[in-house]
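Read off the chains here:
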Amino acid sequence: MPDKPKFYLTTPIYYTNGLPHIGHTYTTVVADAIRRYKRMRGYEVVMTTGTDEHGVNVERAAQKAGIPESEFVARMAVAWKALWDDLGIPADEFVRTTDLRHVRTVQWLFRLCKENGYVYKGHYTGQYCIYDNAFVNDAKPGDNCPDCGRPLETITEENHFFKLSAFQKPLLDFYKKNPNFIQPETRKNEIISFVEGGLKDLSITRTTVRWGIPVPGEEPHVFYVWFDALTAYLSAVGGPDYEKRGFWPCDLHLVGKDIIRFHTVYWPAFLMAAMLPVPKQVWVHGWFLMDAAKMSKSKGNVILPRPIANMLGMDALRYFVMREIVFGQDGNFSFDALVTRYNSDLANGLGNLASRTAAMIEKNFDGKIPKSGPRLPQDDALAKVASETIGEALERFENFEFARSLEAIWSAIAAADKYLTSEQPWALGDSEADMQRKATILWTTAELLRIVTVLAHPVLPDSTAKVWTLLGQPGRVSAVELDGLRWGQLATGAQLGKAQALFPRVDKQKAIERIEAMANEELNPTPAPAAAPAHAATPSGSAAAPATEKIGIEDFAKVEMRVGQIKTAERIVGADKLLKLTVDIGTEIRQICAGIAQYYEPEKLIGRKVAVVVNLAPRKLRGVESNGMIVAASVGPEGRPVLAGFPDEDVEIGARLK
Ligand code: MSP
């Protein structure tokens, strides 16, 4: 088999002085969708993301946290990587700028630029923004940063300069020869005028910064953060040995509009100076705004991804960011729009079409995909819609018009809904003719569903995999080749898989409150109570951990435990492990969350008497207030909770445990 063509794409590598919000998540989600799409188009793909860990602001943040920089960035890198892994958008290459492979690549790139005569020493005085790690040309002392609005600092130092001025013509020629290098078009024009206006040489080392990659033989010089950071794209796929892996030049850098110059001017110039291949494309996207302002922790207007994913599922977040914003433009983030889209497009749209189609096949054809009978014009009309959708959705996706691609897919879903409403398979009887008609209608609907499932897979990987299983189709949906996708390939006779909840409808107000409560908890975590590490019977690891220290009876007496009776129990949407209970403790009814949902059916708990710690400080778990703790044993290596109880005696509710 011939080798697959290779495709390499990157997100920016993110600063470690803060944690990811929805703006960063946006780029990573888009990169992940492109990666999945390209794989379905037959490419071998590598997607890189990572952390940008050097610079003054990291030095200061580490100092504030009272820990060495190396420890500070290691913690942050773990948090960033864990978030991408948890959200199902992991990197193929996670590169840290403190990785040895990266340090070597930066030093090597510098040596090549120097050997080719593009580096010289000089002095530089300028106004520097320590938050954006950039000198601001034309700024005066006392000015604020034009990007972030924070005060600039005057810095004079000996630097190595990069002869950026020598690259004005080569860059302009390059843009001309590679008209797709900068996308979208409007951004290209902005950069061409900037370069035409003249380029000043660029200082690429610092002596005022300690926390950076050393310039070999020139200590205390360290590399300027952008010379360092941009090179991470190359370090991730082999650095000096990039030819071995065959992923350089990069096919696609995805970047926000604030970092366009670094990627489209500096970066190609550095590579040209080193005589290395230049990336093929930089795609510039807009910002997610909150009340018309860019999100940032300092403004206190950040939206976190995890609470949204917990409440509505990660597919909902992916769908929303790719459907709601025109890629390339700014867009406003609103919870209202998020939940509205969830309910209308996902719960009522894809989810409903999948569940009603499957239910009708189950009922009428013993859960086996029927063979289509004779076809009427309206059946062929739906087939035409589906075939045209394949062309349109793929073309739009190829051009990074994600919103339009999804719009086309959802129009096909709407057409199928309309078709079912007008054909009314549920109104047909059991005669042979009626059964044949039902078979045709349900086959046609299921085939359209199969096609939209494949097309939506790069954006909704989890839920489309469930629909694929539900339709009983062979293999994995991710392995379907988009180039071969045609009407009529539905495997008939296939046994439907088990029905699974795809997108349960949610109450808008309640969902928003839950997301906000979870976000609040993530931003301002409640310190865990000293006496009890978990609020519920969450697994605590080892079943028989040795007691570390003996306590006096007076310490034990501080824990007030009483007999309680469970009055109501329900699952919490978006929190698979938790049950929300109301418990009568004699003097009052308390709401308590317990981490037992995977082991106890809520209905079976009602009326059960349990041991309750009643004097724990209340706290929120997944945004739901919990006021007390149910006591349970933690059994086995996985810490299965077994509720402590009173099966033999008729104990009074509210009785104290001593
Ligand atoms: N570390 C540099 C990038 C170096 S790449 C060699 C950096 N990091 S960043 O964490 O500040 O930003 C990373 C990306 O997140 C940028 O593309 C930026 O545009 C994007 N976003 C940050 N906030 C955003 C929004 N509110 N909306 C959309 N994207 C935004 O810059």
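Structure: above.
Predicted, not measured: the structure shown is a model, and the values here were computed from it.

Undergrad: I keep staring at the site of the ligand and nothing clicks. Help me out?
TA: In the neighbourhood of the ligand, 23 residues make up the surrounding shell, with Ile13, Asp52, Gly256, Asp258 and Phe288 lying closest. The contact in question runs from a nitrogen atom of the ligand to an N or O atom on the backbone of Ile13, over 2.8 Å. Residue Gly23 places a main-chain N or O atom 3.4 Å away from a nitrogen atom belonging to the ligand. Within the complex, 95% of the 660 Å² of free accessible area of the ligand lies under protein. At the level of elements, strand S1 (6–15), helix H1 (22–40), helix H7 (225–235) and strand S11 (252–256) are the ones that each hand at least two residues to the shell around the ligand.

Undergrad: Honestly, the pattern of salt bridges in this entry has me stumped. Any pointers?
TA: Side-chain pairing between opposite charges can occur once the charged atoms of the two side chains come close. A full pass over the atoms with the stated rule returns 43 salt bridges. Here Asp483 ties to Arg41 by a salt bridge, and the two come within 2.9 Å at their closest N and O atoms. Of the two residues, Asp483 is situated in the loop between helix H16 (461–470) and helix H17 (508–523) and Arg41 in the loop between H1 and strand S2 (44–52); the sequence distance between them amounts to 442 residues. With relative accessibility at 45%, the residue Asp483 sits in the partly exposed group. Residue Arg41 is classed as partly exposed on the basis of its relative accessible area of 23%. Taking the shortest distance from any N to any O, the salt bridge between Arg571 and Glu601 comes out at 3.6 Å. Residue Arg571 is found in strand S16 (residues 561–572), and its partner Glu601 is found in the loop between strand S18 (589–594) and helix H19 (602–605); the two are separated by 30 residues along the sequence. Residue Arg571 is classed as partly exposed on the basis of its relative accessible area of 43%.

Undergrad: Help me understand H1, please; the structure alone is not making it clear to me.
TA: Along an α-helix, a turn takes 3.6 residues, which lines up residues three or four apart on a common side. A rise of 1.5 Å per residue sets the reference length of H1, with its 19 residues, at 27 Å; its end C-alpha atoms lie 26 Å apart and thus fit the reference within 8%. Burial analysis of H1 places 16 of its 19 residues in the buried class, which makes it a mostly covered element. Backbone geometry just downstream of H1 places Gly42 in the positive-phi region, at approximately 95 degrees.

Undergrad: Quick question: what am I supposed to make of unusual backbone geometry here?
TA: Excluding glycine, most residues fall at negative phi; most peptide bonds, likewise, are trans. Across the junction of Gln183 and Pro184, the peptide omega takes the value -10 degrees, indicating a cis bond. Residue placement: Pro184 occurs in the loop between strand S7 (182–183) and helix H6 (185–196). Omega for the bond connecting Glu219 with Pro220 falls within 30 degrees of zero, at 10 degrees, which places this linkage in the cis form. Its place among the elements puts Pro220 in the loop between strand S9 (205–206) and strand S10 (222–223). In this structure, Met275 is a non-glycine residue whose phi angle is positive, near 60 degrees. Checked against the element boundaries, Met275 lands in the loop between helix H9 (260–273) and strand S12 (282–285). Although it is not a glycine, Asp366 adopts a positive phi angle of roughly 50 degrees. Tracing the sequence through the fold places Asp366 in the loop between helix H12 (335–365) and helix H13 (377–398). A residue is classified by how much of its surface remains accessible, and Asp366, at 62% relative accessible area, is exposed.

Undergrad: Mind showing me how you'd approach the packing of helix H4 (residues 100–115) against H9 here?
TA: Helix-helix packing: each pair is described by the crossing angle between the helix axes and the interaxial distance. Packing of H4 against H9 brings their axes to within 8 Å, and their N-to-C directions diverge by 65 degrees. Considering their axes alone, H4 and H9 lie roughly perpendicular with respect to each other. Residues Leu109, Leu112 and Cys113 of H4 form the contact with H9, whose own contacting residues are Trp267, Phe270, Leu271 and Ala273. Its residues assigned to classes, the contact of H4 with H9 shows seven nonpolar, no polar and no charged.

Undergrad: Looking at this model, I keep getting lost on the sheet that holds S1. Mind explaining?
TA: Two pairing modes exist for strands in a sheet, parallel and antiparallel, and in both the strands are linked by backbone hydrogen bonds. Taken in spatial order, the six strands of this open sheet run S3-S2-S1-S11-S12-S7, and their pairing is parallel. Strand pairing shows two members of the sheet lacking a second neighbour, strand S3 (93–96) and S7, which therefore form its edges. Relative to S12, S11 runs parallel, the two sharing four bridges. Each bridged residue has a counterpart across the sheet, and for Leu254 the counterpart in S12 is Trp283. Across the sheet, H7 touches S1, S2, S3 and S11, and the angle it forms with S1 is around 150 degrees.

Undergrad: Would you mind going over the packing of helix H11 (residues 314–324) against H12 with me for this structure?
TA: As a packed pair, H11 and H12 sit with axes 10 Å apart at the nearest point and diverge in direction by 105 degrees. It follows from the interaxial angle that H11 and H12 lie roughly perpendicular. Touching Ala316, Tyr319, Phe320, Arg323 and Glu324 of H11 are Ala337, Leu338, Arg341, Tyr342, Asp345 and Leu346, all from H12. Its residues assigned to classes, the contact of H11 with H12 shows seven nonpolar, no polar and four charged.

Undergrad: Would you mind going over the environment of Gly493 with me for this structure?
TA: Residue position: Gly493 is located in the loop between H16 and H17. The sequence separation of Gly493 and Lys371 amounts to 122 residues, and the corresponding C-alpha distance is 7.2 Å. Sequence-distant contacts of Gly493, that is, excluding residues within four places in its chain, are made with Lys368 and Ile369.

Undergrad: Explain the sheet that holds strand S14 (residues 293–294) to me, please; I cannot follow it from the model alone.
TA: Read across the sheet, three strands follow the order S14-S13-S15 without closing on themselves; strand pairing throughout is mixed. For this open sheet the edge positions go to S14 and strand S15 (331–332), each flanked by a neighbour on one side alone. Of the pairings in the sheet, the one linking strand S13 (residues 288–290) to S14 comprises two bridges and is antiparallel in character. From the neighbouring strand, Met290 faces S14, where its bridge partner is Ala293.

Cut-offs used in this document
Residues numbered from 1 in each chain as written. Predicted model: local features only at pLDDT ≥ 70, side-chain atom pairs only at ≥ 80, totals over all residues. Heavy atoms only, no water. Near = heavy atom within 4 Å. Polar contact = N/O pair within 3.5 Å; in protein donor to acceptor, adjacent residues only side chain to side chain. Areas by Shrake-Rupley, 256 points an atom, 1.4 Å probe, with all protein chains shown as cover. Helix = DSSP H or I, 4+ residues; strand = E, 2+ residues; numbered from the N terminus. Salt bridge = Lys/Arg side-chain N within 4 Å of Asp/Glu carboxyl O. Buried < 20%, exposed > 50% of the residue type's maximum accessible area, 1.4 Å probe, protein only. Expected span 1.5 Å × (residues − 1). Axes fitted to C-alpha atoms, helices over the stretch in contact; angles between N-to-C directions. Parallel < 35°, antiparallel > 145°, perpendicular 65-115°, else oblique. Contact = heavy atoms within 4.5 Å. Nonpolar A, V, L, I, M, F, W, Y, C, P; charged D, E, K, R; others polar. Pairing = 2+ DSSP bridges.

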